[in-house]
Structure formats: structure tokens, C-alpha cells
Protein chains: 2
Amino acid sequence: MKAQIISIGDELLIGQTINTNASFIGEQVTNSQVHVAKVSVVGDEEEEILAEFALALASHDLVLVTGGLGPTHDDITKAAVCKFYNCGLVNNAEVLADVQARFQRLGRPVTKVNEEQALVPEVATVIRNIKGTAPGYWIEKDGKVMVVMPGVPFEMKAMVINFIVPRLLEMTKNAATFTRKTTLLTTGIPESTLFEKLGDMDTLLQGAKMAFLPSPMGVKLRITVTDKDHESAGARLTEIEQKIRSIAGRYIYGKNEEDLAEVVGRLLHERGLCMAAAESCTGGHIANRLTNFSGSSEYFERGVVCYSNASKVELLNVDEDTLSEFGAVSAEVAKQMADGIRAISGSDYGLSITGILGPTGGSAEKPIGTVFIGLSDASVTRAIKIQLGDDRMLNKERASQAALAMLRRAILGIPLDA
Amino acid sequence: MKAQIISIGDELLIGQTINTNASFIGEQVTNSQVHVAKVSVVGDEEEEILAEFALALASHDLVLVTGGLGPTHDDITKAAVCKFYNCGLVNNAEVLADVQARFQRLGRPVTKVNEEQALVPEVATVIRNIKGTAPGYWIEKDGKVMVVMPGVPFEMKAMVINFIVPRLLEMTKNAATFTRKTTLLTTGIPESTLFEKLGDMDTLLQGAKMAFLPSPMGVKLRITVTDKDHESAGARLTEIEQKIRSIAGRYIYGKNEEDLAEVVGRLLHERGLCMAAAESCTGGHIANRLTNFSGSSEYFERGVVCYSNASKVELLNVDEDTLSEFGAVSAEVAKQMADGIRAISGSDYGLSITGILGPTGGSAEKPIGTVFIGLSDASVTRAIKIQLGDDRMLNKERASQAALAMLRRAILGIPLDA
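Everything numeric in this text was worked out from a predicted model, so none of it was measured.

## Some details on a negative patch on the surface
Residues and elements named next belong to chain A. Taken together, the side chains of Asp319, Glu320, Asp321, Glu325 and Glu332 make up a negatively charged region of the molecular surface. By residue number, the principal contributor to the negative patch is helix α14 (residues 320-326), which donates three residues. Here Glu325 lies in helix α14.

## Re helix α13 (residues 309-316) of chain B
Residues and elements named next belong to chain B. All of the buried residues in α13 are Ser311, Lys312, Leu315 and Leu316. Across the axial projection of α13, the buried residues extend over an arc of 105°, all falling on one side. After α13 finishes, the residue Asn317 shows a positive phi value of roughly 60°.

## Overview of unusual backbone geometry
All names here are of chain A. Look at the link from Gly358 to Pro359: it is a cis peptide, with omega at 5°. Inspection of the secondary structure assignment puts Pro359 in the loop between β15 (349-355) and β16 (370-376). At Gln33, a position not held by glycine, the phi torsion is positive, near 70°. Residue placement: Gln33 occurs in the loop between α2 (20-31) and β2 (35-42). Note on Gln33: relative accessible area 16%, which makes it buried.

## Quick notes on the confidence of the model for chain A
Looking at chain A as a whole, its pLDDT mean stands at 93, while 100% of the residues score no less than 70. Both confidence scores are given for the complex: pTM 0.84, ipTM 0.83.

## Some remarks on helix α3 (residues 46-59) of chain B
For α3 of chain B, built from 14 residues, the straight-helix expectation of 20 Å at 1.5 Å per residue is met to within 8% by its first-to-last C-alpha distance of 21 Å. Turning to α3 of chain B, its buried residues number three or more, namely Ile49, Leu50, Glu52, Phe53, Ala56 and Leu57 of chain B. Projected onto a plane normal to the axis of α3 of chain B, the buried residues spread over an arc of 165° and lie on a single side. For α3 of chain B, exposure combined with an orientation more than 90 degrees from the buried face picks out Glu47 and Ala58 of chain B. Of the surrounding secondary structure, the elements contacted by the buried residues of α3 of chain B are β2 of chain A together with β1 (2-8), β2 (35-42), β3 (62-66), α4 (77-85) and β8 (144-149) of chain B.

## Regarding the packing of aromatic side chains
Think of a pair of aromatic rings as described by two things: how far the centres are apart, and how the planes are tilted against each other in angle. Counted under the stated rule, the structure contains nine aromatic pairs over all chains. Ring centres of Phe84 of chain A and Tyr85 of chain A lie 5.1 Å apart, and the angle between their planes is 85°; this geometry places the pair in the edge-to-face category. A relative accessible area of 11% places Tyr85 of chain A in the buried class. Put simply, the rings of Phe53, Phe84 and Tyr85 of chain A touch in pairs and so form one group of aromatic residues. The ring of Trp138 of chain A carries the charged tip of Arg167 of chain A above its face, separated from the ring centre by 4.7 Å. Seen from the ring of Phe24 of chain B, Lys157 of chain B lies directly overhead, with NZ or CZ sitting 5.2 Å from the centre.

## So, the sheet that holds strand β17 (residues 381-387) of chain A
Strand pairing in a sheet relies on backbone hydrogen bonds, with the paired strands running either antiparallel or parallel. In space, the 10 strands of this open sheet follow the order β17(A)-β16(A)-β15(A)-β13(A)-β14(A)-β14(B)-β13(B)-β15(B)-β16(B)-β17(B), with mixed pairing throughout. Each end of this open sheet is capped by a strand with a single partner; those strands are β17 of chain A together with β17 (381-387) of chain B. Each adjacent strand pair in this sheet contributes to an overall mean axis angle of 10°, direction not counted. In the sheet, strand β15 (residues 349-355) of chain B pairs with strand β16 (residues 370-376) of chain B via six bridges, with the strands oriented antiparallel.

## Quick word on the sheet that holds strand β9 (residues 178-186) of chain B
All names here are of chain B. An order of β10-β11-β9-β12 is seen for the four strands of this open sheet, with the pairing classed as antiparallel. Pairing within the sheet leaves two strands with one partner each, and these edge strands are β10 (209-215) and β12 (252-255). Strand-to-strand twist across the sheet, computed as the mean angle between neighbouring axes with direction ignored, equals 25°. Bridge analysis of β9 against strand β11 (residues 218-227) gives eight bridges, and the strand direction is antiparallel. When the bridges of β11 are listed, Leu184 appears paired with Leu221.

## With respect to the pattern of salt bridges
Considering all chains together, one arrives at 36 salt bridges over all chains under this definition. Residue Lys38 of chain A is joined to Glu52 of chain B by a salt bridge in which the shortest nitrogen-to-oxygen separation is 2.6 Å. Of this pair, Lys38 of chain A sits in strand β2 while Glu52 of chain B sits in helix α3, placing the two residues on different chains. Exposure class is identical for Lys38 of chain A and Glu52 of chain B. Each is buried.

## Considering the packing of helix α2 (residues 20-31) of chain B against helix α7 (residues 153-172) of chain B
Residue and element names in this part refer to chain B. Close contact between α2 and α7 brings their axes to 10 Å; oriented N to C, the two are set at 15°. By the angle class used here, α2 and α7 are roughly parallel. Crossing handedness for the pair α2 and α7: right-handed. For the pair α2 and α7, contact is made by Asn21, Phe24, Ile25, Gln28, Val29 and Asn31 and by Pro153, Met156, Lys157, Val160, Ile161, Val165, Leu168 and Leu169, respectively. In terms of residue class, the contact of α2 with α7 is made up of 10 nonpolar, three polar and one charged.

What counts as what
- Residues numbered from 1 in each chain as written.
- Chains lettered and ligands numbered in written order.
- Predicted model: local features only at pLDDT ≥ 70, side-chain atom pairs only at ≥ 80, totals over all residues.
- Heavy atoms only, no water.
- Patch = residues over 30% accessible without salt bridge, like charges linked within 9 Å, V, L, I, M, F, W, Y side chains within 5 Å.
- Areas by Shrake-Rupley, 256 points an atom, 1.4 Å probe, with all protein chains shown as cover.
- Salt bridge = Lys/Arg side-chain N within 4 Å of Asp/Glu carboxyl O.
- Lys, Arg positive; Asp, Glu negative; His and termini not counted.
- Charge placed at Lys NZ, Arg CZ, Asp CG, Glu CD.
- Helix = DSSP H or I, 4+ residues; strand = E, 2+ residues; numbered from the N terminus.
- Buried < 20%, exposed > 50% of the residue type's maximum accessible area, 1.4 Å probe, protein only.
- Arc of directions from axis to C-beta.
- pLDDT = per-residue confidence, 0-100.
- Expected span 1.5 Å × (residues − 1).
- Contact = heavy atoms within 4.5 Å.
- Phe/Tyr/Trp six-rings, centres within 6.5 Å; stacked < 30°, edge-to-face > 60°.
- Lys NZ or Arg CZ within 6 Å of the ring centre and 35° of its normal.
- Pairing = 2+ DSSP bridges.
- Axes fitted to C-alpha atoms, helices over the stretch in contact; angles between N-to-C directions.
- Parallel < 35°, antiparallel > 145°, perpendicular 65-115°, else oblique.
- Left-handed = near helix turned anticlockwise from the far one by under 90°.
- Nonpolar A, V, L, I, M, F, W, Y, C, P; charged D, E, K, R; others polar.

Structure below.
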């Protein structure tokens with residue numbers, strides 16, 4: 001089964017919006033054993049949309065369309081679908097009830113443009129929108145399928161996960177081969193070092209494929225295996241994963257879409273431990289990541305964002321003399337911050353971070369990118385220094401990743417310098 | 001002049017890499033007065049690449065291609081270009097000298113695959129690569145232009161900025177029309193309400209174009225005007241912007257790429273004021289956003305992430321009786337948190353937030369999505385309640401946006417209930 005993804009919207013053509021929808025759909029559809037052969041973007045122009053629909057359906061079995069289903073004048077996808085399939089609109093009672101229920105829940109009156117969301121192309125089976133008002137359409141004609149979804153990412157995602165993926169898996173379940181992927185997430189090791197450590201690729205992979213994907217959070221290893229069925233592909237994946245873990249396991253913190261903050265949270269939760277964080281330069285980035293996961297209140301006791309020196313002294317009992325002798329960006333202050341946050345919160349771990357993320361504020365002795373991470377537990381207080389670059393946003397991500405990696409190693413008893 | 005962007009690479013089709021290259025090129029080329037009519041992505045397959053080249057050149061004046069120019073076996077774009085234009089490769093002395101100089105600087109020997117970068121399609125003018133080894137190509141034939149660049153983002157970006165944009169501006173400088181855009185950023189008003197408030201679009205726009213771009217942070221209004229030159233297009237943009245501001249100005253917090261946190265920071269900075277934040281449910285999201293901007297230490301004094309009740313009492317002096325009487329998620333606690341963080345930090349504003357972001361933890365009285373925002377200044381302490389949905393990550397973004405919007409209104413003296 002061969003698919004094309006079409007995104008509709010001028011904002012994608014002029015670079016105002018990055019096309020994350022196409023990536024999400026590409027991944028989900030690939031995992032449903034469908035080959036994505038093409039992605040395209042066209043603007044909010046009926047003629048261009050109709051031409052792209054025709055082109056896509058001519059050489060693909062499945063066409064997935066997003067965008068232009070909203071309630072305002074620039075949303076023209078619904079009209080284009082009707083024109084393309086030469087059909088009219090019918091009122092869908094289920095969609096109307098969904099829209100009315102949604103507005104009732106929000107305590108707002110239903111406007112006319114919202115009610116019009118219930119008018120759907122005759123030719124379509126409706127895909128309910130559990131996150132918004134515009135329904136999606138599933139259209140089968142002449143042995144081909146067109147799926148049309150809103151462009152709002154979380155509305156589209158819910159439709160893909162709850163409706164599209166199950167349908168596609170049902171359609172592809174009798175195919176002759178099955179492809180599976182696993183991505184191992186590493187941090188703290190450069191791409192080239194990891195590559196050399198893993199040795200000869202052919203010996204390691206035995207016909208499977210592997211891609212190295214470097215990012216500010218670390219290097220991802222994507223392994224892809226095609227075999228006769230789900231089980232045999234899975235067995236080969238497991239075998240390769242185990243070989244890699246035996247060589248570089250200490251750098252692997254998770255799999256697939258996991259966040260290191262989620263992994264750290266799980267490790268704490270499993271052990272009945274809790275932590276608190278004192279952040280200067282990362283400004284709440286670590287606390288924010290940890291609290292992205294439901295249940296985090298069980299292991300994340302509190303955080304402080306101690307941007308000013310006064311807040312370091314008042315909230316964390318950092319010594320004023322230490323601040324003036326070594327400066328706020330120092331191993332000594334990082335250690336006192338870690339001890340301070342652990343003591344005031346009564347947590348098992350106190351994690352701290354202080355540094356200069358740029359683009360200004362560096363000196364010859366402490367250039368931009370200088371960061372100290374402190375970690376305090378009942379037995380020891382440590383601090384490490386890392387040197388980052390000059391991009392503030394990348395530095396925030398890298399610094400918070402390094403701090404969480406340090407905590408993960410401490411929880412697991414892996415030496416910090418290994 | 002009408003353009004298409006083509007990105008080549010399997011990783012873009014399967015969703016492993018997000019196509020940021022197309023956004024960057026789209027923005028730069030649009031600003032060079034070229035109309036980007038289409039973006040497409042094809043895999044590392046010669047047949048697919050050749051078909052897409054033919055299709056793109058048939059209906060566009062300019063085709064910009066990225067990806068597949070590297071030195072390894074899966075980089076097949078150069079061969080595809082030769083096949084498409086039916087030409088051979090010639091050795092380019094300038095590229096060879098660039099490659100040799102680069103490796104000399106790195107202290108590494110030049111390998112055979114690197115030397116082969118100097119072999120370029122006969123039909124191409126070389127675009128030098130100042131950030132890497134693979135040169136780009138500028139190919140003019142039959143009145144159409146094809147530009148081919150590497151897929152590595154920073155190599156491509158240097159070529160676009162230094163070579164492509166100046167050439168395009170030269171080519172478009174005598175065009176009969178000039179297009180300009182402005183995006184107004186709103187928050188606190190739903191898309192459909194805003195649409196109805198703005199009234200008849202034709203009256204408002206007088207031939208200009210406007211797009212409604214909804215997101216969790218609010219609705220963006222992108223206005224596009226085409227007129228005879230830069231000045232007249234600018235004058236019409238300003239006129240439309242003023243009309244919109246006269247109707248919905250209180251919801252507009254910024255323009256183009258601004259973050260509301262940046263806007264709030266600037267307002268504080270201009271007035272010599274500072275703030276501190278006490279976050280429960282947003283877990284540091286507000287502090288993290290505020291500290292994304294260089295110079296934020298001047299107006300952001302500190303933050304606390306008071307996830308536990310103990311931390312609310314100990315750090316912010318929230319009254320234990322208030323906590324047990326009204327619960328942590330209440331207007332009363334939000335107010336005490338705001339007063340507490342303002343008092344301990346000595347800031348002009350204390351901003352607080354407490355709520356239930358889900359996906360668990362709701363009750364009949366306080367369902368998931370219930371959030372209270374508190375704001376304290378020298379004269380008054382207020383709290384507002386907002387009702388969000390059940391998606392934790394979206395709720396974090398929406399709650400932090402609402403809190404910053406409340407602070408912005410307070411700084412500007414706009415009534416909170418307007």
C-alpha cells in the first residue's frame with residue numbers, strides 16, 4: 001500500500017509554520033505497514049488543491065490530507081472535496097450533537113459557523129473530532145482511500161491514533177512482510193565515538209538497517225528490520241538491541257519517544273524516592289520537563305528558579321561569602337544549591353544547575369556555555385562542569401539533559417565518569 | 001515568479017526528521033518576492049526524483065531542491081541531476097581547492113569520496129559551500145531555474161542567505177507588484193468569536209488577504225497585501241492593522257514571531273519593574289518561557305515550583321487552614337501564593353497558578369482543566385478561574401499563556417474582565 005500525505009495551507013509554504021503534521025502522519029502510517037512515497041504542501045487555492053488530489057490519487061492507494069477544515073473564510077478544503085468528488089453536503093446529526101455538547105461544556109453559545117461544521121460531504125464517512133469541532137472524512141472510491149483531517153495538530157493526532165491507524169492495520173494485516181523499528185536513545189556520547197564503539201555494522205546488523213540521528217538531547221539509533229511477520233521481525237530487533245546494549249548500554253537511557261525526564265521519574269517512583277530541583281540558568285526547564293508527566297507530584301517535591309543571588313541565599317541558604325569568592329557560576333555554589341534544595345524540601349535528591357547560557361554574559365575565565373551541575377543525596381554532594389556552545393535555547397536543552405543524565409546515573413549507581 | 005521546493009530523503013517521509021529546511025527556504029524565498037506555490041518531499045529513489053523534477057519544472061519558474069548531495073552510497077541527487085539534464089560531470093577546480101583547503105584546516109587527508117565532490121554536472125553553475133564539502137548547483141535552462149543544495153541545514157542556510165536570496169532579489173526587483181505580510185498575535189478569544197467580531201471580511205480587507213491560524217497559544221491573524229511597491233503595500237498593511245486593533249486590540253499581544261513571555265518581559269523592563277512566579281500545576285513552564293530571553297534576569301527575580309502542599313506553606317506562607325478549607329486548587333490559595341511570592345521576592349508583581357491539568361485528578365466540583373491564576377501587586381490581589389480541557393501538555397501551554405496574558409493586562413491597565 002502506497003501513500004501520499006498532502007498538507008494544505010499558505011502558512012506552510014511561506015515558512016510561517018513547520019510541517020510537523022506530515023512527520024507525525026508519516027511515522028504513524030509507516031508503523032501501520034503503509035509505504036509513504038510522497039509528501040506535498042499546497043496553498044489555500046482551490047485549483048491547486050484539486051490538481052494535487054488528482055495527481056496523488058493517480059499513483060497512490062491512500063492519500064492523507066490535513067488543513068483547511070476550520071470555520072473561517074480561508075478554510076476551503078471541504079468545498080474542494082465536494083467539487084473533487086462532485087457531491088453535495090449533508091447535515092450530520094452526530095457531528096452537530098458533538099459540537100453542541102462541546103460548546104455547552106465550555107459554557108459558550110454555538111455560533112452559526114460552528115454549526116456549519118455538521119455539514120459534511122455526502123461521499124464521506126465522518127471521523128469524529130474528540131478535541132475540536134471540525135470532523136474528519138474517510139472517503140473510499142474506485143479502490144482508493146482519501147482521508148481528510150483538520151490541520152490543528154492535536155485534533156489531527158487524536159483522529160490518526162484512534163481511527164486511522166486501527167483501520168490501516170486492519171487493511172495491511174495480511175501483507176507478505178512486516179517491518180518493525182526501534183529507536184534507542186543515548187546521551188553523553190558523541191556520534192562518531194558511538195559509531196566506532198559499535199564496530200562493524202554488517203556484523204552487528206545482519207541485513208537490518210540502522211540510522212544515526214544526532215540531536216541536542218543525544219544520538220538516537222534507529223534500527224529497522226523487515227521479516228516475514230511481526231514476531232520474527234521483533235525477535236531480530238531484540239537480538240540487535242541486546243548486542244548494542246552490551247556495548248553501549250550505559251549511554252542508553254530509553255527507547256523511541258521517551259523523555260529522559262520521564263525515565264528519571266519512573267526510576268524515582270519505582271524506588272519510592274523523591275527529588276527537588278534548584279535551577280538558575282535553565283530557568284525552570286528541568287522542573288517543566290519533569291512535571292510534563294502525570295503522577296510527577298509523587299516524586300517531584302518542589303523546584304526553585306533562583307535567578308537572582310538574593311534568591312539563592314534566601315531560598316537555598318547559599319553562603320554569601322561563597323557567592324562572592326567563587327561567583328554564582330561555580331562548583332561550590334552548585335553544591336550548596338543542591339544541598340540547600342535537598343534540605344528545605346526533605347527530598348532524597350537535590351539537583352542544581354548554574355551557568356551562563358548566553359548569548360551574553362561570558363568572561364575569559366567562564367566563557368558562555370560554562371555550566372555547573374550539582375547533585376546532593378544523603379551520603380555525598382557532587383558537582384560536574386560541562387562546556388556548551390553559544391546558543392541559549394540549545395544550551396537550555398543540553399544543560400537540562402545533562403543534569404537529568406547525572407541524576408539517572410546516581411539513582412542507578414553508574415559512576416559519573418564512566 | 002512561481003517556485004516549488006523539493007526535499008529529498010526517506011527520513012522525511014517516515015517522520016523521523018521534521019522538514020525545517022522547507023520552512024526556512026519558504027520564508028527566505030517569499031521575502032525575496034517569489035511566490036512559493038508548492039513543497040514536496042520524495043524518497044531516495046532515482047525514478048521518483050526524476051518524475052518530481054519534471055513535474056515541478058512544468059509548472060514553476062524556480063525549483064529549489066535539497067538533500068542527497070553527500071558523499072555516501074545513499075546520496076543520489078547528483079546522478080539524478082545529470083540524468084535529468086542529460087549531461088556529464090566535469091571537474092571544478094574551485095570546488096576541489098575548497099575541499100582540499102577545508103581538510104588541510106582540519107588536519108585530515110582528503111579521501112577519494114571527498115575529492116569526487118569537485119565533479120559537478122556540466123550544466124551547473126557552482127554555489128560554493130562555505131560550511132561543508134558538497135557544492136550547490138544553479139542551473140538555468142529554457143527560461144527556468146533549478147537550484148540544488150545539500151540537506152544539512154546550516155550548509156543549506158549559508159547558501160540561501162549568501163547566494164540564492166541576493167540573486168532572487170536581483171531577478172524580482174523590477175516586478176510590477178510587491179507583497180508584504182504582518183501577523184497579529186491574539187490570545188483569550190476563540191477563532192470563531194474573533195472572526196464574527198471582525199465583521200465583513202471584504203470590507204475589512206479591501207482586496208488584501210487574511211488567514212486565521214489557531215494554536216493553543218491563541219489565534220494568529222496573518223494579513224498579506226500586494227501593491228505596486230514596498231511603501232504602498234506597507235501603508236495598506238498599517239491601515240488594515242489599525243482597523244483590526246480598533247475592534248480587537250485588547251486581545252492582540254504582539255506581532256509576527258513574538259512570544260507573550262517576551263512581550264511581558266519587555267513591558268516590565270521598559271517600566272523598570274520586576275516579577276516573580278509561583279507555579280503549581282504549570283511546573284515551571286512560565287519561568288522557563290520568561291527565561292528563554294536574554295536579559296530576563298533584569299525583570300524575573302525568582303520562581304518557585306510548589307508542587308507539594310508543604311512547599312506552598314513553607315516557601316510562600318500559604319495558610320494551612322486555607323489549604324484544608326478551600327483545597328490547593330482554589331482562588332483563595334492562588335491569591336495567597338501570589339501575595340507570598342511577591343512578598344518573599346520583593347518584586348512588583350507576584351504571579352501564581354494552581355490547577356488540575358490531568359489526565360487524572362479531577363472531581364465533580366473541580367474537573368480536570370480547572371485552573372486558578374492569582375496576581376498580586378502593591379495595591380490589589382486578584383484571582384481568575386479558567387476552564388481548560390483534558391490534555392496535560394496543551395493545558396500547560398494554555399494555562400501559562402493565560403497567566404502571562406493576565407499579567408500583561410495588569411501592567412497595561414486593561415481591565416481583566418474586558
